[in-house]
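What follows is the residue order along each chain.
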Amino acid sequence: MDRLQAMKTYVAVVECGGFTPAARKLDASLSVVSRIVTDLETHLGVRLLTRTTRVVRPTATGAAYYENCRRILAEIDDAELAAAGTHDAPRGRLSITASVLFGRRFVTPVVVEYLRRYPEVDVDCLFIDRVVNFIDEGIDVGVRIGALPSSSLQAIPVGHVRRVVCAAPDYLAQHGTPTSPDDLAHHAVIQTTGISTAPEWRFMRDGDPLPIRLAPRMATTTNDSAIAATVAGFGLTRVLSYQIADELRDGKLRVVLEDYEPAPLPIHVIHREGRHAMHKVRAFIDLAVDLLRGQVSLNTSDTPQAR
């Protein structure tokens, strides 16, 4: 058995989510791809994939083996590039992910600069407000906001953001400024439902969690529309501090209930590679970390405050 070819085939099956699309990607017959993976499982003495009529997914052992295969294949690619004298020029296709607003405001400028520096690399951007499975969706690098679950992903901290409640000055002048989360019951609330549909905001009081049930006047699936309605003076909304940095700076919005805010949320650049990351991945990570750490609105100590 050609173990290198077997690794490449197995990686293709996992990343494509099945044998048929992997066969198309590899320009091989379905029977050949299936046989190679079966022979690989027999050689290793373990089941790498769970096969059903609807989906093909790696087992726990298969997921760990997949990550090792990707690393080994990446090191082989780097070795070949170094031997060819082109190691200083990343090339290939890179897949990245981030949330919609963060991707538009912060990751897109990084991508544009990266593409300008490295003309032999192409980038696929998946900007979406949900947690993306790196293996299932073939992602190389991502930016995540919030505490990270334990996983095999590598994480590099680049900043923090706050969860803030805000309103337009005109709204506060007309309806008053809430001084306690309990006051929200007497205000028009704009709730974003893109990630969680629960009508509840969580605060902290004297070090203890303080959940507040809401009766939203307006519910929307996007932060953009919630912010627009808030700037228009309709009510209060809750967003991440970076999302309204411009509006705070321009005086269009003010932050309220700061004394009850939960702990800031960390921002990480995450990736699947170890210290021997593929050159195209390492180059993007280095650039992203440098540029994101330089963003004022991603540093909680410099985040504009309510006036």
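Residues numbered from 1 in each chain as written. Predicted model: local features only at pLDDT ≥ 70, side-chain atom pairs only at ≥ 80, totals over all residues. Heavy atoms only, no water.

Going by this rule: UniProt positions are given in the numbering used here, feature names are shortened, and annotations may be inferred rather than shown by experiment.
Going by the annotation in an unreviewed UniProt entry, the name recorded for the protein chain is LysR family transcriptional regulator, with Cupriavidus pauculus given as the source organism. In UniProt, the protein chain has this text filed under Sequence similarities (unreviewed entry): "Belongs to the LysR transcriptional regulatory family."

## Comments concerning the domain arrangement of the protein chain
Threshold: Here the bounds of each domain stem from an automatic or database domain assignment. Contact between two residues is taken to exist if any of their heavy atoms lie within 4.5 Å; hydrogens are not considered. Here the quantity called buried area is the total loss of accessible area, with a 1.4 Å probe, experienced by two parts when brought into contact, counted for both.
One can read the domain layout of the protein chain as domain 1 (3–84), domain 2 (92–159 + 265–298) and domain 3 (163–260). Just the C-alpha atoms count here: the centres of domain 1 and domain 2 sit 24 Å apart. Listed as interface residues are eleven residues of domain 1 and, on the opposing side, ten residues of domain 2. Summed over both sides, the interface of domain 1 with domain 2 buries roughly 1,000 Å², with 45% coming from carbon and sulfur.

## Considerations on the packing of aromatic side chains
To keep things clear, this is the line we draw: Here a pair means two rings of Phe, Tyr or Trp (six-membered ring of Trp) with centres within 6.5 Å. Their orientation is stacked below 30 degrees between planes, edge-to-face above 60, and tilted elsewhere. Going along the chain from the N terminus, every DSSP run of H or I of four or more residues is numbered as a helix, and every run of E of two or more is numbered as a strand. Exposure categories follow from relative accessible area, calculated using a 1.4 Å probe and restricted to protein chains: below 20% of the type maximum is buried, above 50% is exposed, and the middle band is partly exposed.
Enumeration according to the criterion identifies six aromatic pairs in this entry. Taken together, a centroid distance of 5.6 Å and an interplanar angle of 50° make the contact between Tyr10 and Tyr65 tilted. Taken together, the residues span a long stretch of sequence, with Tyr10 in helix α1 (residues 3–16) and Tyr65 in helix α4 (residues 60–83) at a distance of 55 residues. Accessibility expressed as a relative area gives 0% for Tyr10, which makes it buried.

## Regarding the UniProt feature "domain: HTH lysR-type" (unreviewed entry) in the protein chain
Mapped onto this structure's residue numbering, the UniProt feature "domain: HTH lysR-type" (unreviewed entry) falls at residues 1–59. Helix makes up 63% of residues 1–59 and strand 10%, and the two end C-alpha atoms of the span are 22 Å apart.

## As for the sheet that holds strand β11 (residues 218–220)
We apply this condition: Being paired, for any two strands, means DSSP has found at least two bridges between them. The convention used is that axes are lines fitted to C-alpha atoms, helices contributing only their stretch in contact, and that angles between N-to-C directions extend from 0 to 180 degrees.
Taken together, five strands build an open sheet; the order of strands is β11-β8-β12-β7-β13 and the sheet is mixed. A strand with exactly one partner marks an edge of an open sheet, and here the two such strands are β11 and β13 (254–256). Ignoring strand direction, the axes of neighbouring strands in this sheet form an average angle of 35°. Inspection of the sheet shows strand β7 (residues 163–167) paired to strand β12 (residues 236–240) by four bridges, in the antiparallel sense.

## Points about the packing of α1 against helix α2 (residues 19–26)
Rules: Here is the rule for angles: anything less than 35 degrees is roughly parallel, anything more than 145 is roughly antiparallel, 65 through 115 is roughly perpendicular, and the remaining ranges are oblique. Whether a crossing is left-handed or right-handed is set by the direction in which the near helix is turned from the far one by less than a right angle, anticlockwise for left-handed and clockwise for right-handed.
Relative to each other, α1 and α2 sit at 125°, their axes nearing to 8 Å. Here α1 is positioned oblique relative to α2, judged by the angle of their axes. Between α1 and α2 lies a crossing whose hand is right-handed. Side by side, α1 and α2 meet where Thr9, Ala12, Val13, Glu15 and Cys16 of the first sit next to Phe19, Pro21, Ala22, Lys25 and Leu26 of the second.

## Here's the deal with the pairing of β12
Within β12, five of the five residues are buried, leaving the element largely enclosed by the surrounding structure. Side chains of β12 alternate between two faces, with Leu236, Arg238 and Leu240 and Thr237 and Val239 buried alike. Relative to β12, strand β8 (residues 189–192) runs parallel, the two being bridged by two bridges. Looking at the pairing, Ile190 lines up with Thr237 of β12.

## Focus on the sheet that holds strand β4 (residues 121–127)
The strand order across the open sheet formed by five strands is β4-β3-β5-β14-β6, and the pairing between neighbours is mixed. A single partner strand is all that each edge strand has here, and the edge strands are β4 and β6 (154–161). Across the sheet, the mean angle from the axis of one strand to that of its neighbour is 20°, orientation sign disregarded. In this sheet, strand β14 (residues 265–271) lies alongside strand β5 (residues 141–145) in antiparallel orientation, the contact comprising five bridges. Paired with Arg144 across the bridge in β14 is His268. Lying over the sheet, helix α5 (residues 100–117) contacts β3 (92–98), β4, β5 and β14, oriented at roughly 180° with respect to β4. Sheet strands in contact with helix α10 (residues 279–293) are β3, β5, β6 and β14, and its direction is about 20° off that of β6.

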